[in-house]
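An overview of the molecular structure
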Amino acid sequence: MGYPLEVALRYLGSKKRAFISVGTAFAILGVTLGVAALATVMSVTGGFQAQFREKVLGVNAHVLVLKYSTDFREYRSIMDQVAKVPGVRAVAPFSINPMMLTHGDATATGVLLKGVDPATSLGVGQPEGSPFVLDLPKQVKFGSLNGLRLPGAKPPERRSGGPELPPVPILPEKRPLDQDAGADGGSGTQGLLRAIEEDLRKAEKAPAPDKEKLEPSGGGIEEILAIEAGKLGGADKPEADKPKADKPADEKVAAADEKVADGAPVGSVEPEGGYASKLPDDDDVPAEVDPDLCADPVEVAKLPGIVVGMSLSKTLKLGLGDCVTVTSPTIGYSYSGGSLKPPVAKRFRVIALFEAGFDQYDSKLVYTDLYEAQAFYDQGDTVTGVEMKVDDIDQAKPIAKQISQNLASGLYHTMDWEELNHGLFTALLIQQILMSGVLALIIVVAAFTVVATLIMVVLDKTKEISVLKAMGATDGEILRIFLYQGGIIGLLGTTFGLLLGVAVCKGLLVYGFPLDPKVYFISELPVQVRPLEFIITGAIAIVICLVATIVPSLYAARLRPAEGFRAQ
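Per chain, residues are indexed from 1 in the order of the written sequence. Local features in this predicted model are restricted to residues of pLDDT 70 or higher, and side-chain atom pairs are both shown and tallied only at a pLDDT of 80 or more, whereas totals for entire chains, interfaces and linings draw on every residue. Side-chain measures were taken over the full set of non-hydrogen atoms in the model, leaving aside hydrogen atoms and water.

Turning our attention to the side chain of S121. The secondary structure listing takes helices from DSSP runs of H or I that are at least 4 residues long and strands from runs of E that are at least 2 residues long, numbered from the N terminus. Inspection of the secondary structure assignment puts S121 in helix α4 (residues 118–122). Among the residues examined, S121 registers a relative accessible area of 0% and is labelled buried. In contact with S121, not counting residues within four places along its chain, are A92, P93, V116, F132, V133, L134 and E387. Exposed residues in this analysis have more than 50% of their type's maximum accessible area, buried residues have under 20%, and partly exposed residues fall in between, with area computed by a 1.4 Å probe over protein chains only. By definition in these notes, contact holds between two residues if any of their heavy atoms fall within 4.5 Å.

Another aspect to go through is the packing of aromatic side chains. Working definition: a ring pair exists when centres of Phe, Tyr or Trp rings (six-membered ring for Trp) sit within 6.5 Å. Plane angles under 30 degrees give stacked, over 60 give edge-to-face, the rest tilted. Taken as a whole and assessed by the stated rule, the structure comprises 4 aromatic pairs. Both rings, one in F48 and one in F52, keep their centres 6.0 Å apart while their planes meet at 70 degrees; by these two values the pair is edge-to-face. With F48 and F52 both in helix α2 (residues 18–59), this residue pair falls 4 residues apart, about one helical turn. Note on F48: relative accessible area 12%, which makes it buried. Looking at F52, the relative accessible area reads 5%, which means it is buried. Arranged with centres 5.5 Å apart and planes meeting at 70 degrees, the rings of F354 and Y367 form a pair that is edge-to-face.

For the purposes of this section, nonpolar cores are sets of buried Ala, Val, Leu, Ile, Met, Phe, Trp, Tyr and Cys residues that join through side-chain atoms within 4.5 Å. Judged by nonpolar contacts, the single largest core of 78 residues is most densely connected at V65, V307, Y367 and I403. Among the elements that make up this core, the one with the highest residue count is α2 (14 residues). Those residues within four positions of V65 in sequence are excluded, and the remaining contacts are F72, I78, V82, G385, V386, M388, I403, L407, Y412, H413 and T414. By size, the runner-up hydrophobic cluster in this structure holds 21 residues, among which are A106, L113, M310 and F348.

Here a salt bridge means any side-chain nitrogen of Lys or Arg lying within 4 Å of a carboxyl oxygen belonging to Asp or Glu. Here the structure, examined in full by the defined rule, presents 12 salt bridges. Where D135 meets K389, a salt bridge forms, and the shortest distance between an N and an O atom there is 3.3 Å. Of this pair, D135 sits in the loop between α4 and α5 (136–139) while K389 sits in strand β11 (residues 385–390); the two residues are 254 residues apart in sequence, bridging distant segments of the chain. One salt bridge connects R530 with E533, and the closest N-O pair in it is separated by 2.6 Å. On the accessibility criterion, R530 (27% relative accessible area) is partly exposed. Linked through salt bridges whose partners overlap, the residues forming this network are D117, R149 and D369.

What follows covers the packing of helix α15 (residues 422–460) against helix α20 (residues 550–557). Between N-to-C directions, angles cover 0 to 180 degrees, with each direction set by a line fitted to C-alpha atoms, over the stretch in contact for helices. The N-to-C vectors of α15 and α20 enclose an angle of 15 degrees; their axes lie 8 Å apart at closest approach. As the angle between them shows, α15 and α20 are arranged roughly parallel. The crossing of α15 and α20 is right-handed. Note on element contacts: α20 touches α15 through P552, Y555 and A556, opposite V451, L454, I455, V458 and L459. For the contact of α15 with α20, the residue count by class is 8 nonpolar, no polar and no charged. Angle categories are assigned with fixed cut-offs, so that under 35 degrees is roughly parallel, over 145 is roughly antiparallel, 65 to 115 is roughly perpendicular, and the rest are oblique. Crossing handedness follows the turn of the near helix against the far one: under a right angle anticlockwise gives a left-handed crossing, and clockwise gives a right-handed one. Residue polarity follows a fixed list, in which Ala, Val, Leu, Ile, Met, Phe, Trp, Tyr, Cys and Pro are nonpolar, Asp, Glu, Lys and Arg are charged, and the others, Gly among them, are polar.

What follows concerns unusual backbone geometry. Of note, the phi angle at K317 is positive, near 55 degrees, even though the residue is not glycine. In this fold, K317 is placed in the loop between α10 (310–316) and β6 (323–327).

Let us now look at the confidence of the model for the protein. Values of pLDDT, which run from 0 to 100, indicate the predictor's confidence residue by residue. Residues of the protein with pLDDT of at least 70 account for 74%, and the chain-wide mean is 77. Highest mean pLDDT in the protein belongs to strand β10 (residues 365–369) (94); lowest belongs to helix α7 (residues 221–229) (51). For residues 161–187, every residue scores under 50 in pLDDT, and the model assigns this stretch 31 contacts once sequence neighbours within four places are set aside. Segment residues 231–240 is flagged for pLDDT under 50; beyond a separation of four residues in sequence, or across chains, it makes 11 contacts in the model.

What follows is the structure, given as structure tokens:
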């Protein structure tokens with residue numbers, strides 16, 4: 001490097017005029033604050049991404065297989081197929097539906113009841129080290145997952161009170177290349193649609209049922225059609241065909257009066273002074289008429305288990321062993337299985353409390369046995385979908401694509417965890433990019449301070465530069481003097497800034513900045529210090545400072561010796 005570096009260091013610590021060293025100090029301070037702010041913000045935004053990713057993957061699986069219809073009874077065969085895909089660690093079925101929870105006078109609506117298989121989803125009863133899908137066992141704070149499924153439990157039977165739907169046409173596994181190679185690219189969708197159209201044509205050609213033979217069936221769609229057709233109650237009969245009363249109403253009353261025994265009380269029978277007893281209120285039902293299972297500890301111990309989030313348990317004032325009522329959110333009667341049915345309410349026993357660290361899950365999600373969740377509906381042994389856990393979450397998208405190709409029938413939809421939470425992670429990424437870009441402007445502003453400092457040094461050292469050029473210094477050596485000076489300012493500012501950024505991040509981790517969980521979904525400000533981000537921040541700061549020194553350095557290099565001595 002030679003003497004240019006020595007001259008640059010001397011100019012930084014010049015004692016001839018105080019404002020030069022003070023200006024250099026402020027330039028270093030500006031770079032320090034800009035680098036520290038950028039490094040801290042990148043660590044915080046990266047912490048949000050990491051926390052949300054951890055919380056989401058702790059509750060959701062890595063890959064999901066869903067069906068476009070609600071009748072997903074063949075899930076066991078689908079599980080066998082996807083389990084053979086390389087990279088899939090564990091497979092489990094699940095069912096999820098919105099419910100209403102009640103405990104005492106407290107009620108929570110919009111709660112998602114997720115039915116899971118205790119063995120495959122949670123690893124209950126499996127040998128240690130066996131793979132399972134969900135991370136719920138790690139999130140349990142109180143209680144245990146044992147007892148989630150009652151002994152001898154089995155899937156509910158499918159109730160069929162109405163006409164059976166025609167079976168879904170099964171396509172051949174291999175078709176000629178000239179078939180079904182239209183817009184769907186041979187995925188099987190067009191062939192499935194053609195098969196369904198053929199079934200519809202056959203149904204149209206079938207003879208229509210005789211409306212005259214409709215009879216009431218005890219509360220189904222046939223009864224409703226019969227009522228509309230006027231077959232019940234004689235709605236279409238003329239008045240002349242209706243049977244007439246045997247006696248007028250007055251004659252019936254007179255006959256009833258004649259049958260009253262002699263000496264019977266006539267008129268009001270209320271004793272003088274009123275009745276000594278009182279009738280109970282309408283809401284007070286005797287225990288022998290409507291027994292409360294939640295009031296009997298023996299009966300509560302026999303109830304199926306349920307796992308509730310910490311936030312929801314505080315809302316409903318629930319504890320371990322408490323009885324909670326889960327009700328399907330149906331307003332009035334609903335038509336299911338060919339008949340009208342009221343809302344379904346089941347009682348559960350709280351066996352564990354979990355904390356996922358994400359308030360959206362801790363307050364709106366509960367777990368129970370898959371068989372108990374299926375009992376709320378009349379679909380029998382059907383599920384919402386099949387979820388999987390993979391060995392490498394970064395390979396979830398290729399694995400989901402492979403599974404989608406294996407199940408190419410047009411009936412199933414495969415999605416990975418990024419697609420499931422696409423909006424959340426996209427918003428976090430945009431937030432990190434924009435905030436980093438805005439705070440990078442602080443470094444640019446500090447670079448202008450470096451430029452101003454170097455320009456003042458050049459103007460102050462005009463004579464020295466002229467002497468150096470008169471002694472044989474080249475333009476390149478003069479250029480390097482001020483490039484070194486700007487680079488040293490950038491290097492010192494970047495170093496102090498990174499150290500300050502690490503100190504701030506460590507302080508946030510130790511003391512924890514509180515956040516409102518209802519707004520940010522997490523209770524503390526997340527911070528993740530990643531060395532790569534700090535290295536990138538430091539490199540950007542040094543490059544900006546070096547670029548800022550080019551203009552004053554070129555001005556000093558082009559200075560002629562005569563211009564420096566002209567004022568003498």
